[in-house]
Amino acid sequence: MSPHRLDVLDLTAHRCRELLEAGDVSATELARLYLHRIAAVDGAVQAYLLVDEEGALAKAAAVDAKPRGERLPWEGVPIGLKDIFCVKGMETTCGSRILKGYHPPYDATIIGKLRAAGLVFLGKLNMDEFAMGSSTENSAFQTTHNPWDLERVPGGSSGGSAACVAAAEAPWALGTDTGGSIRQPASLCGVVGLKPTYGAVSRYGLVAFASSLDQIGPLTRDVKDAAALLDIIAGRDPRDSTSIGLPEPVGTPSRTDLEGLRFGVIKEFIGEACEPGVREVFDSAVEMISSLGGVCEEVSLPSVEQGIAAYYLIAPSEASSNLARFDGVRYGHRASGADDLYEMYTRTRSEGFGPEVKRRIMIGTYALSAGYYDAYYAQAQRTRTLIIRDFAGAFDRFDFLVSPTSPSVAFKIGEKTADPLAMYLSDLCTIPVNLAGLPGISVPAGFSQGLPVGLQIIGPHFSEKGMLGAAHALEQRLALPLVPPLAEVAR
Ligand code: GLN
């Protein structure tokens, strides 16, 4: 097949692999196809912070130089990376001025795994600064636009990753999820987003935001690709003592029914905060679960309503500690002209961090300070325990829990920037999942106002295999047309 007849919009990572294996396309042709697509649409979408054309073509050429029979399964398949992973020698900014110009001297563990699998890195993707945000508007460099409506946000913080996959600027991408940052942008951009169980994937070489919550996961065009990428990156790593890996590879999901499965519909996530259009799509997804043989019943998890409050004490507390390392001495930006060390620290951090990051550092420092610790941080941890128990109770009765991923469709750029609390509400349905360390997936479930709406499936710890199977069954039945209207901007 001539590569000119290939349309990136038809490609998943599995399809790329098949074409490479059959010799219908070379790794170089495939890399060029995506580089052309990026050149055509990224001016409008602005998903990429850095496109590594040279590196991608060099890697692709190395793959092409190998006989096909000797290649690994995913060798030559391109991928996009959130700019939060350390890639040796490749600028890693985490969306922040303070890391501008930082070239890590080592690879994150997951990057090493991607390299070992032979993937081709297309570049680094935009994100909210230090992954704090739900819209990419907190990036120090650019705001990414939603491919379904360029006046709207792609969600965040992995908004660059979600928009890139939706716009077919890479067949798949990696993101991170601390409170919803994979699932919420996946929902808003009409792609699949998977947050694995806490501990499934090593965070060594991931710029840390809130260490008791952060997880790395795939953003893909379908469920099969999400499963494959998870199998590539999962595993215990002695360099991340919180990692444990998965009990077994998830394999290729093939399930097409939901017979024998019980689904709990989380009552607290379909209340007033949920837009009517989102609720409609969600209700029809629940009907579809039943039509596939699943049993759906409402379940109440009263403590999840405190999820946002607990998260906005725990995550900033951990962030205030994690971000102490950015002091101008060892990484990235250093303010010039200071008279003494203290002034250098102060000026570096004042210049280097954006307003949302400063807000979180201040909240976190306050919540951890002597005299306030018990009232704020410790109280939030007690709330977290209640949330963990509520989920555990629900999983005694149900195999999986479901909710909308986000209470709203993609909102307009600028709509929520003046009101941090309104922005924080975007993660109402996703945050409790991180607090409990559970796996969650967002799958496109339909449209409201012409914009994608995601369904969230939550499973017990390490139930990824079953969860992906259920997601696959739904995806096959839904068979949604997931091509955003970018034709008019493509150059
Ligand atoms: N939007 C949430 C926040 O701002 C979650 C971010 C994330 O998951 N990284 O903290």
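Higher on the page you've got the structure.
Calculation rules
- Residues numbered from 1 in each chain as written.
- Predicted model: local features only at pLDDT ≥ 70, side-chain atom pairs only at ≥ 80, totals over all residues.
- Heavy atoms only, no water.
- Helix = DSSP H or I, 4+ residues; strand = E, 2+ residues; numbered from the N terminus.
- Rg over C-alpha atoms; globule rule 2.2 N^0.38 Å.
- Buried < 20%, exposed > 50% of the residue type's maximum accessible area, 1.4 Å probe, protein only.
- Contact = heavy atoms within 4.5 Å.
- Areas by Shrake-Rupley, 256 points an atom, 1.4 Å probe, with all protein chains shown as cover.
- Near = heavy atom within 4 Å.
- Polar contact = N/O pair within 3.5 Å; in protein donor to acceptor, adjacent residues only side chain to side chain.
- 1 Å grid on protein atoms, 1.4 Å probe; cavity = no way out; pocket = protein on both sides within 12 Å on 5 of 7 lines; lining within 4 Å.
- Sits in = over half its atoms within 2 Å of the grid points.
- Nonpolar A, V, L, I, M, F, W, Y, C, P; charged D, E, K, R; others polar.
- Phe/Tyr/Trp six-rings, centres within 6.5 Å; stacked < 30°, edge-to-face > 60°.
- Salt bridge = Lys/Arg side-chain N within 4 Å of Asp/Glu carboxyl O.
- Points joined across faces, edges and corners; volume = space filled by probe spheres on them.
- Pairing = 2+ DSSP bridges.
- Axes fitted to C-alpha atoms, helices over the stretch in contact; angles between N-to-C directions.
- Parallel < 35°, antiparallel > 145°, perpendicular 65-115°, else oblique.

This part is about the overall build of the protein. Regarding its fold elements, the protein presents 15 helices and eleven strands. Taking 491 residues into account, the globule formula puts the C-alpha radius of gyration at 23 Å, and the protein, at 21 Å, falls close to it. Seen through its C-alpha atoms, the protein measures out along the principal axes to roughly 70 × 60 × 45 Å. Within the protein, the fraction of its 491 residues that count as buried is 60%. In the protein, once contacts between residues fewer than 6 apart in sequence are set aside, the share between residues at least 24 apart is 75%. Total accessible area on the protein is roughly 17900 Å²; 52% of this is exposed by carbon and sulfur atoms.

Here we come to the site of the ligand. Around the ligand, a shell composed of 15 residues is seen, among which Gly179, Ser181, Tyr311, Arg360 and Asp427 lie nearest. Contact between the ligand and Ser181: an oxygen atom at 2.7 Å from a side-chain N or O atom of the residue. At 2.7 Å, a side-chain N or O of Arg360 approaches an oxygen atom of the ligand. Most atoms of the ligand, that is more than half of them, are within 2 Å of grid points of the largest cavity. The residue inventory of the shell around the ligand, partitioned by class, reads five nonpolar, seven polar and three charged.

Turning our eyes to something else, we now look at the environment of Ala117. Residue placement: Ala117 occurs in helix α4 (residues 109–117). Linking Ala117 and Gly371, residues 254 residues apart in sequence, is a C-alpha distance of 50 Å. In contact with Ala117, not counting residues within four places along its chain, are Leu72, Trp74, Glu75 and Ile232.

Here we come to the packing of aromatic side chains. Overall, the coordinates contain 15 aromatic pairs when judged by the stated rule. Each ring, one from Tyr373 and one from Tyr377, has its centre 5.3 Å from the other, and the planes form 45 degrees; the classification is tilted. Judged by relative accessible area, which is 38%, Tyr373 ranks as partly exposed. Tyr377 gets classed as buried once you look at its relative accessible area, which sits at 14%. Ring pairs connect the aromatic residues Tyr102, Phe130, Phe326, Tyr331 and Phe353, which therefore count as one cluster.

All told, the structure shown has 18 salt bridges when counted by the stated rule. Between Asp327 and Arg330 there is a salt bridge, with its nearest N and O atoms 3.9 Å apart. Residue Asp327 is classed as buried on the basis of its relative accessible area, which comes to 12%. For Arg330, a relative accessible area of 56% translates into the label exposed. A salt bridge links Arg360 to Glu356; the nearest nitrogen and oxygen atoms lie 2.7 Å apart. Within this pair, Arg360 and its partner Glu356 are both found in helix α11 (residues 355–368), separated by four residues, close to a single helical turn. For Glu356, a relative accessible area of 8% translates into the label buried. What you see here is one network of salt bridges that share partners, running through Arg262, Glu297 and Arg397.

So, about empty space enclosed by the protein. On inspection of all chains with the given rule, the structure shows one cavity of 30 Å³ or more. Of the pockets and cavities examined, the largest cavity occupies roughly 90 Å³. Across the lining of the largest cavity, the residue classes tally to five nonpolar, nine polar and two charged.

A few words now on the layout of surface pockets. In this structure, the largest pocket occupies an estimated 360 Å³ of space. Considering the residues around the largest pocket, the lining is formed by 21 residues, among which Arg221, Asp222, Glu475, Leu480 and Leu482 are closest to the centre. Among the secondary structure elements, those contributing two or more residues to the lining of the largest pocket are β10 (440–448) and α15 (464–478).

The next subject is the pairing of strand β6 (residues 215–220). Most of β6 sits out of view: six of its six residues are buried. One ladder, built from two bridges, connects strand β5 (residues 192–195) with β6; its direction is antiparallel. Directly across from Gly193, in β6, lies its bridge partner Leu219.

With their axes 7 Å apart at the nearest point, helix α2 (residues 27–45) and helix α3 (residues 53–64) run at an angle of 160 degrees to one another. As the angle between them shows, α2 and α3 are arranged roughly antiparallel. Here α2 contributes Ala27, Thr28, Ala31, Arg32 and Leu35 to the contact with α3, which in turn contributes Glu53, Leu57, Ala60, Ala61, Val63 and Asp64. Partitioned by chemical class, the residues of the contact of α2 with α3 number seven nonpolar, one polar and three charged.

Once that is clear, we can look at the sheet that holds strand β4 (residues 172–177). Here we have eleven strands laid out as an open sheet, ordered β1-β3-β2-β4-β6-β5-β10-β11-β9-β7-β8, and mixed in their pairing. Strands with a single pairing partner mark the edges of an open sheet, and in this sheet they are β1 (48–51) and β8 (295–299). Taking the axes of each pair of neighbouring strands and ignoring which way they run, one obtains an average angle of 30 degrees across the sheet. Examined bridge by bridge, strand β2 (residues 78–82) and β4 share two bridges and lie parallel to one another. Note that in β4 the partner of Gly80 across the bridge is Ala173. The strands touched by α3 within the sheet are β1 and β3 (120–125), with β3 carrying the most contacts at an inclination of about 160 degrees.

By secondary structure assignment, the location of Arg5 is in the segment before α1 (13–22). Accessibility expressed as a relative area gives 65% for Arg5, which makes it exposed.

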